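# Architecture and fold: a report
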Amino acid sequence: MSPDLAAVRRATLIGGTAVLMWATLALLATWASAIPPFQLTGMAFAVAFLIGLAWMALQGRSPLAAARQRPAVWLLGIGGLFGYHLVFFMALRLAPPVETNLINYAWPLLIVVFSALLPGERLRWWHVAGAALGLLGVVVLISGRGVAFDPGFALGYGAAMLSAMIWAGYSVLSRRIGAVPTETVGWFCGGTALLSLLCHLALEDTVVPDAAGWAAVAGLGLGPVGLAFFVWDHGVKRGDIRALGAFAYAAPLLSTLLLIAFGQGALTPSVGAACALIVGGAILAGRDLWARRAARA
């Protein structure tokens, strides 16, 4: 295996751990369900910001150096993290959650499609087919909960699609600023925490968490709303972004399996079918990685 391909595969695997962490989001969120969305987001991103500062200190790197970026970089980073959560929360207020989540999960497919606009990237049929299989798996997974699109919620559905486009755009454009160190994501988390808490003060009533709520906030900041964004940044900048996009569909599947394991769901045939579609789609979309390895062998 060439050093370049090995580095791409390693970065893809590192980025893929973000998907594993995002799979815990639903479970941790249920443990913090009493905390309003913007308050919870602000608290979790504040934890992520502190983790970023601690990591830079341990590496002997200056936090201020990581913060010295062009305005366009700050706009992309905070616009991606905060903008996605803001629009997604708006969608959840304007439309039923099941349909909103289903539309929002168009973002992995959009990542695959948008990647064709990157220099040096070629979009092949197996990339699109793999991502489409993953999306079909999510449809199968969610359809058992009763999906019914009502035109009366069109504004909410539009917001859900916009949130998907924001996250896909952020992920793909992050590759265009590959020279920006991943440590800078910590500052993006800090900006997102501040804006989220401002939205909370304007729109929500403050809730003081109990012990379980504080534990959930810490877990979110350490995992799906913290470290996940750092490894995702590394993956989309240096890994196979199309394979990552298709693998992202594993997040709702693994999330469902976790809820089942903790007694908050039931194992049904649709879960098994979704598993086959999502895993198969990820393997197909990642064909470039394993096919080149087999050819070199």
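Criteria and cut-off values
The residue count restarts for each chain, going from 1 along the sequence in the order it is written. Side-chain atom pairs in this predicted model are given and counted only at pLDDT of 80 or more, local residue features only at pLDDT of at least 70, and totals for whole chains, interfaces and linings cover all residues. The basis for every side-chain value is the complete set of non-hydrogen atoms in the structure, without hydrogens or water. The disulfide criterion is simple: two cysteine sulfur atoms within 2.5 Å. The buried label applies to any residue whose accessible area, calculated with a 1.4 Å probe on protein chains only, is under 20% of its type's maximum; exposed applies above 50%, and partly exposed to all values in between. Secondary structure counts use DSSP, requiring at least four H or I residues in a row for a helix and at least two E residues in a row for a strand, with both numbered from the N terminus. Between two residues, a contact is recorded if the distance between any of their heavy atoms is within 4.5 Å. One speaks of a salt bridge when a side-chain nitrogen belonging to Lys or Arg is within 4 Å of a carboxyl oxygen belonging to Asp or Glu. UniProt positions are given in the numbering used here, feature names are shortened, and annotations may be inferred rather than shown by experiment. Pairs were defined over the aromatic rings of Phe, Tyr and Trp, the Trp ring being its six-membered one, requiring ring centres within 6.5 Å. Orientation was assigned from the angle between planes: stacked under 30 degrees, edge-to-face over 60, tilted for the rest.

As enumerated under the stated definition, the model contains zero disulfides in all. Summary of cysteine pairing: Cys189 is not part of a disulfide, and the nearest cysteine sulfur, belonging to Cys199, is at 16 Å. The buried category is assigned to Cys189, whose relative accessible area is 0%. You can call Cys199 buried: its relative accessible area is 17%.

For helix H6 (residues 97-104), the set of buried residues is Glu99, Thr100, Leu102, Ile103 and Asn104. Buried positions along H6 lie against helix H5 (71-94), helix H7 (107-114), helix H8 (125-143) and helix H9 (154-176).

Considering all chains together, one arrives at four salt bridges under this definition. The salt bridge involving Glu183 is made with Arg61; its shortest N-O contact spans 1.8 Å. Remark: Arg61 occurs in the loop between helix H3 (37-58) and helix H4 (63-67) and Glu183 occurs in the loop between H9 and helix H10 (184-203); sequence separation between them is 122 residues. Owing to a relative accessible area of 10%, Glu183 belongs among the buried residues under this scheme. A residue is classified by how much of its surface remains accessible, and Arg61, at 44% relative accessible area, is partly exposed.

Right, let's talk about the UniProt feature "domain: EamA" (unreviewed entry) in the protein chain for a bit. The positions that UniProt labels "domain: EamA" (unreviewed entry) are, in the present scheme, residues 17-142 and 155-285. The span residues 17-142 is 78% helical and 0% strand by assignment, and the distance between its end C-alpha atoms comes to 23 Å.

Taken as a whole and assessed by the stated rule, the structure comprises 16 aromatic pairs. On the numbers, 5.0 Å between centres and 35 degrees between planes, the contact of Trp167 with Tyr170 is tilted. In this pair, Trp167 and Tyr170 are both assigned in helix H9, three residues apart and thus about one turn of the helix distant. Residues Trp167 and Tyr170 agree in their burial class; the two are buried. Linked through ring pairs, Trp22, Phe45, Tyr84, Phe88, Tyr105, Trp107, Trp167, Tyr170, Phe229 and Trp232 together constitute an aromatic cluster.

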